[in-house]
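The chain contents come next:
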Amino acid sequence: MTDEKLRDRIRGSIVGGAVGDALGYAVEFVGSFAEIRNRYGERGITEFDTECCEARGGAPRDKALFSDDTQMTLYTAEGLLKSVAGGEPIIPMIRSAYLAWVGPQIGMKIKVPYESELLRIEELNQRRAPGTTCLNSLMAISMGNEPSNNSKGCGGVMRVAPIGIYGATRSWSLETTARTAGECALLTHLHPLSTYSSAALAVIVQMCLMTDCADLDSFTAIVGSAVEVVESLYGHDAKAMKEFREIIANAIALRESPLADWEVIERELGGGWVAEETLAIAIFSVARHLDDTDAVLICAVNHGGDSDSTGAVAGNIIGAINGLTSIPDKYTSSIQLKELLLTTADALG
């Protein structure tokens, strides 16, 4: 793979995640697909709703807002890069990055051991429907306590793609990538299914960047390898691991379903409010529309669930496969903070 092709795919993963996030953010709380269709037409939402974004504040009419998902993804990248630059352990530095992020979310100034460039960017510090578990866990940490929950919400999996990117460009073992992403999710979400999903996503992103994922067989093999890595690290909880393996296998198998995309998601995969459902919906969307990045994004967000998170994770994956150049101009020309997204991608590369 040429350096330019890898660079395009790294950029695709970061920008794709932000695009899927922003596309889904407009419909996250609309309701079922039937209600989304009533508002946006037969296929549901298929392009940015910038008027909706403007109504939420913080963006001009021609820019699409992304949510806390991409905010936290960028803070993950900042913490990771700061740790490497300073020779510091990765997870404590990412935790510090999250504390920098949560301060403006809760109206507090929290001291962190480095100067955060992201704190200077207003759009990254506005409230964009942050997850309750992330807020509560980070508030506890800021007060010197450890989080106490059994949450498998998707707030862990939606932010770890930078770890998979970094693992690909620094030739980490898949186990190192999985462990790092799992520990990153554990900063806020303590249920094993959050850990498994986060670890698996990072490995999937890494493998998609490291290999040519040219067809469904290749993608299926990558997903299968990611599940095997996760099981080798975390297989002590047999019940949770069985549940994880089953929903991921089902996501791949449902590619052949005669049902419409939204019917598969709403009837078979869930709403994406929890981590394993978010990952499963993203995997289904990619497997169903592997050659069409736009169709993947549209599939991933048009359902009555956590559409911004499922869109973000699907965008991270399909962007790593097809690259930035595959993302339609209708998105890349109007996603907010595009230059910051590209700069972050390049720094991870």
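Everything discussed here concerns the structure shown above.
This write-up is about the structure you can find in this document. (Residues numbered from 1 in each chain as written. Predicted model: local features only at pLDDT ≥ 70, side-chain atom pairs only at ≥ 80, totals over all residues. Heavy atoms only, no water.)

Overview of the overall build of the protein
For clarity, the cut-off: Note on conventions: DSSP H or I runs of at least 4 residues are helices, E runs of at least 2 residues are strands, and numbering of each starts at the N terminus. The size measure is the radius of gyration over C-alpha atoms, and the globule rule it meets is 2.2 Å times the number of residues to the 0.38 power. Buried means the residue's accessible area, taken with a 1.4 Å probe over protein chains only, is under 20% of the maximum for its type, while exposed means over 50%, and partly exposed covers the values in between. What makes two residues a contact is simply this: any of their non-hydrogen atoms within 4.5 Å. Residue exposure ignores everything except the shown protein chains as possible cover, and the areas themselves are Shrake-Rupley values with a 1.4 Å probe. For the purpose of charge, His is not counted, nor are the chain termini; Lys and Arg are scored as positive and Asp and Glu as negative. Throughout, a charge is located at the NZ atom of Lys, the CZ atom of Arg, the CG atom of Asp or the CD atom of Glu.
Looking only at helices and strands, one finds 17 helices and zero strands in the protein. Computed over the C-alpha atoms, the radius of gyration of the protein is 18 Å, within 12% of the 20 Å expected from 2.2 N^0.38 for a compact globule of 349 residues. Expressed as lengths along the three principal axes of its C-alpha atoms, the size of the protein is roughly 50 × 45 × 40 Å. In the protein, which comprises 349 residues, the share counted as buried stands at 59%. Counted over contacts in the protein with a minimum sequence separation of 6, partners at least 24 positions apart contribute 75%. As presented, the protein carries roughly 13,100 Å² of accessible surface, and 49% of it is formed by carbon and sulfur atoms. Put simply, the protein has 29 plus and 46 minus side-chain charges, and the middle of one group is 3 Å from the middle of the other.

Remarks on the layout of surface pockets
Test applied: In this analysis the probe radius is 1.4 Å and the grid spacing 1 Å, with only protein atoms considered; a cavity is a set of points the probe fits into but cannot get out of, a pocket is an open set with protein on both sides within 12 Å along at least five of seven lines, and lining residues have an atom within 4 Å of a point. Grid points are joined across faces, edges and corners, and a volume is the space filled by probe spheres set on the points. Residue classes follow a fixed rule: Ala, Val, Leu, Ile, Met, Phe, Trp, Tyr, Cys and Pro count as nonpolar, while Asp, Glu, Lys and Arg count as charged, and any other residue, Gly among them, counts as polar.
The volume enclosed by the largest pocket comes to roughly 300 Å³. Lining the largest pocket are 20 residues, and of these Pro130, Gly131, Thr132, Cys154 and Asp306 sit closest to its centre. At the level of secondary structure, the elements contributing two or more residues to the lining of the largest pocket comprise α4 (68–86), α6 (132–142) and α15 (307–322). For the lining of the largest pocket, the element with the highest residue contribution is α6, accounting for three residues. Residue composition of the lining of the largest pocket, grouped by class: seven nonpolar, eight polar and five charged. The computed volume of the second largest pocket comes to approximately 210 Å³. Taken together, Leu74, Ala77, Glu78, Leu81, Lys82, Glu117, Leu118, Leu340, Thr343, Thr344 and Ala347 make up the lining of the second largest pocket.

Overview of a negative patch on the surface
Threshold: Patch definition: residues above 30% relative accessible area lacking any salt bridge, with like charges linked at up to 9 Å and the nonpolar side chains Val, Leu, Ile, Met, Phe, Trp and Tyr linked at up to 5 Å. Each salt bridge in this description consists of a side-chain nitrogen of Lys or Arg and a carboxyl oxygen of Asp or Glu lying within 4 Å of one another.
On the surface, a cluster of negative charge is contributed by Asp215, Asp217, Asp291 and Asp292. Considering the arrangement of structural elements, one finds Asp291 in the loop between α13 (275–288) and α14 (293–301). Since its relative accessible area comes to 74%, Asp291 is described here as exposed.

Some thoughts on the state of the cysteines
Disulfides are covalent bonds that connect the sulfur atoms of two cysteines. Using the following cut-off: Two cysteine sulfurs form what is called a disulfide whenever their separation falls within 2.5 Å.
Scanning the entire structure with this criterion turns up zero disulfides. With no disulfide of its own, Cys213 lies 4.8 Å from the sulfur of Cys208, the closest cysteine sulfur. Lacking any disulfide linkage, Cys299 is separated from the closest cysteine sulfur, that of Cys213, by 16 Å. We classify Cys299 as buried; its relative accessible area is 3%.

Concerning empty space enclosed by the protein
Evaluation of the coordinates by the stated rule reveals one cavity of 30 Å³ or more. By volume, the largest cavity amounts to about 50 Å³. Contributing to the lining of the largest cavity are Ser13, Ile14, Gly17, Ala18, Asp69, Thr70, Thr73, Met158, Ala312 and Asn316. Here the lining of the largest cavity gets four residues from one element, more than from any other, and that element is helix α1 (residues 3–25). Of the residues contributing to the lining of the largest cavity, the split by class is four nonpolar, five polar and one charged.

Some remarks on the packing of aromatic side chains
Heads up, the condition is: Pairing of aromatic rings covers Phe, Tyr and the six-membered ring of Trp, with a centre-to-centre limit of 6.5 Å; geometry is then stacked below 30 degrees between planes, edge-to-face above 60, and tilted otherwise.
As enumerated under the stated definition, the model contains six aromatic pairs in all. Seen in terms of ring centroids, Tyr196 and Tyr234 are 5.9 Å apart; in terms of plane orientation they differ by 35 degrees. Their pairing is tilted. Residue Tyr196 is found in helix α9 (residues 192–210), and its partner Tyr234 is found in helix α10 (residues 216–234); the two are separated by 38 residues along the sequence. Residue class for Tyr196 comes out buried when judged on its relative accessible area of 2%. Among the aromatic residues, those joined into a cluster by ring pairs are Tyr196, Tyr234 and Phe244.

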